[in-house]
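# Overview (structure and organization)
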Amino acid sequence: MTRHSRRAALKTLAASGLTLAMPDLVRAQSGAARVVVVGGGFGGATAARYLKRHAPGVQVTLVEPSPRFYTCPFSNLYLGGLRDWDSLGHGFDGLRAAGIEVVHAEAQDVDGQARTVTLSSGQKLAWDRLILSPGVDMRWNALAGYDEAAAQRAPHAWKAGPQTQLLRRQLQAMPDGGTFVMVIPENPFRCPPGPYERAAMVAHYLRQHKPRSKVLLLDAKDNFSKKPLFLQGWKALYGDMVEWVGLADDGRVTSVDARALSVQTAFGQTHQADVLNVIPPQQAGWIARRAGVVDASGWVPVKPESFETTQVAGIYALGDATLAAPMPKSAFAANVQGKMAAAAIAAELSGRPVPPAVYANTCYSLLAPGYGISVAGVYRPQHGKLIEVPDSGGISPLQATPGLRAAEAAYGDAWYAAISADVWGRAS
Ligand SMILES: Cc1cc2nc3c(=O)[nH]c(=O)nc-3n(C[C@H](O)[C@H](O)[C@H](O)COP(=O)(O)OP(=O)(O)OC[C@H]3O[C@@H](n4cnc5c(N)ncnc54)[C@H](O)[C@@H]3O)c2cc1C
């Protein structure tokens, strides 16, 4: 091809919206661009659906082992007896109906040079862009005595599934007058307000069924998301049933004896539980480490404009696995990041400029039926990092009418319905 005809071909391709970059030019000539998404949770399923919407010609394959995804959001309400298990499950027919190929397998290896993913089925998928949204893995033994076997007696219930159901059964079997002990890690971890909402939901259940019981929270830090609102709500709704002990008051647990259902704190106190819920330190899902996109922190550094990883070109990461502070590790954040990455990839593959990035988050927490609180923020890239846009966010007021708390509970319900439809489609 002469320089002139090459330039002409590039111009034609650009005009047709196909591509400008060389590797994509090759792809465009040999067939549709291929994007593989690993993880069918909040980040991955969103990215797959929005990419297909922005670029219908792109071949999108979603890899997810489970035929049904159960959400952590609202799993605390299940513990509190306010939701049944089935209402937390979402299937993948909505994605299939949108033209996405859904493969139920585990991604076991990623080759960033050859641009392939190897699946548990032995199948190898080639990709032009790879999106990883594998969520978190527990850091077993980072807390002495807490490993996978210990989680069978002292569940974390920090991934929705059998662990959540086990914790619910333990709660139901707990004697009246018993103590529910929750161990809470330092930041960063999945869902910063999650433990405190769980405390309220457990107290809601206990007040109805075992009113002489207690909820003891042992926390490795002194501050947490929406702290004044939680302290106020626990007191107003449950009196002295919920006790929170922070770092300064010897709240940091240093070892767990799952057999005895007891924990030891930094200053040597022992706490005995009837039900022991240990939320351990976490890290990015292991496939991200396997792909070579994780740094020494255990999380995936990303470019804030697109969520492409800084370690391997062409690999994007979303959601809890990423280092995206000040954005929290939330489903809301993973959903918004999935949309932004999809828009960036669609633009790149068609040679258009990547649209300017802006992100948002809202975390609703339910403290009792008709009693909700929330925190919201808006974020954008600045000098290679994400920053919270000044004066953009907000938090529920401490002085509020019952009407406002009830409205926020209703907003939380509406959010769950809306995000579920947005992520998995209505055919779930
Ligand atoms: C108790 C609790 C309550 C919460 N409540 C809220 C809330 O009210 N609001 C909110 O915004 N957030 C909430 N969250 C946080 C929310 O659950 C997470 O932030 C969100 O799930 C992150 O999305 P993700 O895509 O990163 O990971 P996930 O949604 O966990 O999805 C990860 C998916 O990747 C799959 N996967 C992992 N490895 C592989 C592999 N090798 N191959 C193929 N697939 C793989 C997994 O099977 C999983 O389906 C809560 C969390 C907890 C624990």
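The structure we're discussing is the one just above.
Residues numbered from 1 in each chain as written. Predicted model: local features only at pLDDT ≥ 70, side-chain atom pairs only at ≥ 80, totals over all residues. Heavy atoms only, no water.

By volume, the second largest pocket amounts to about 480 Å³. Along the wall of the second largest pocket there are 28 residues; nearest its centre are Pro192, Pro326, Met327, Pro328 and Lys329. At the level of secondary structure, the elements contributing two or more residues to the lining of the second largest pocket comprise β21 (322–323), β22 (359–368) and β23 (371–382). Here the lining of the second largest pocket takes four residues from β23, the largest share from any one element. Of the residues belonging to the lining of the second largest pocket, the class tally is 16 nonpolar, nine polar and three charged. (1 Å grid on protein atoms, 1.4 Å probe; cavity = no way out; pocket = protein on both sides within 12 Å on 5 of 7 lines; lining within 4 Å. Points joined across faces, edges and corners; volume = space filled by probe spheres on them. Helix = DSSP H or I, 4+ residues; strand = E, 2+ residues; numbered from the N terminus. Nonpolar A, V, L, I, M, F, W, Y, C, P; charged D, E, K, R; others polar.)

Turning next to the site of the ligand. Contacts to the ligand come from 34 residues, most closely from Gly43, Glu64, Ser133, Arg190 and Asp320. A distance of 3.0 Å is found between an oxygen atom of the ligand and a backbone nitrogen or oxygen belonging to Phe332. Elements supplying a minimum of two residues to the shell around the ligand: α3 (42–54), α4 (75–79), α9 (286–290) and α10 (331–349). A total of three residues in the shell around the ligand trace back to one element, the largest contributor, which is α10. (Near = heavy atom within 4 Å. Polar contact = N/O pair within 3.5 Å; in protein donor to acceptor, adjacent residues only side chain to side chain.)

Attention now goes to the environment of Leu349. Among the structural elements, Leu349 can be located in helix α10. Separated by 151 residues in sequence, Leu349 and Arg198 have C-alpha atoms that sit 43 Å apart.

Moving on, we get to the sheet that holds strand β8 (residues 124–126). If you walk across this open sheet you meet the three strands as β6-β7-β8, and the pairing is antiparallel. For this open sheet the edge positions go to β6 (107–111) and β8, each flanked by a neighbour on one side alone. Averaged over all pairs of adjacent strands, the angle between strand axes in this sheet comes to 20 degrees, irrespective of strand direction. Bridge analysis of strand β7 (residues 116–119) against β8 gives three bridges, and the strand direction is antiparallel. The residue bridging Thr116 from the neighbouring strand is Ala126, located in β8. (Pairing = 2+ DSSP bridges. Axes fitted to C-alpha atoms, helices over the stretch in contact; angles between N-to-C directions.)

The next point concerns the packing of aromatic side chains. Aromatic ring pairs: the centre-centre distance and the angle between the two ring planes describe each pair. All told, the structure shown has 17 aromatic pairs when counted by the stated rule. Residues Tyr364 and Trp415 carry aromatic rings whose centres are separated by 6.4 Å and whose planes lie at 45 degrees to one another, so their mutual orientation is tilted. Taken together, the residues span a long stretch of sequence, with Tyr364 in strand β22 and Trp415 in helix α11 (residues 402–424) at a distance of 51 residues. Since its relative accessible area comes to 27%, Tyr364 is described here as partly exposed. Three or more aromatic residues link up through ring pairs in this structure, and these residues are Tyr196, Phe224, Phe230, Trp234 and Trp244. In this structure, Arg53 packs its charged tip against the face of Tyr50, placed 4.4 Å from the ring centre. (Phe/Tyr/Trp six-rings, centres within 6.5 Å; stacked < 30°, edge-to-face > 60°. Buried < 20%, exposed > 50% of the residue type's maximum accessible area, 1.4 Å probe, protein only. Lys NZ or Arg CZ within 6 Å of the ring centre and 35° of its normal.)

This part is about the nonpolar core. In summary, soluble globular proteins display a tendency toward joint burial of nonpolar side chains. Ranked by internal contacts, the top residues of the largest apolar core, which has 113 residues, are Leu217 and Trp234. For this core, the leading source of residues is α10, giving 11 residues. Beyond its immediate stretch of four places on either side in the chain, Trp234 contacts Tyr196, Ala199, Ala200, Leu217, Phe224, Gly239, Val242, Trp244 and Leu367. Listed in part, the 18 residues of the second largest apolar core include Tyr146, Ala150, Val256 and Leu276. (Core = buried A, V, L, I, M, F, W, Y, C linked by side-chain atoms within 4.5 Å. Contact = heavy atoms within 4.5 Å.)

Treat this as a map of the structure, not an account of what it does.
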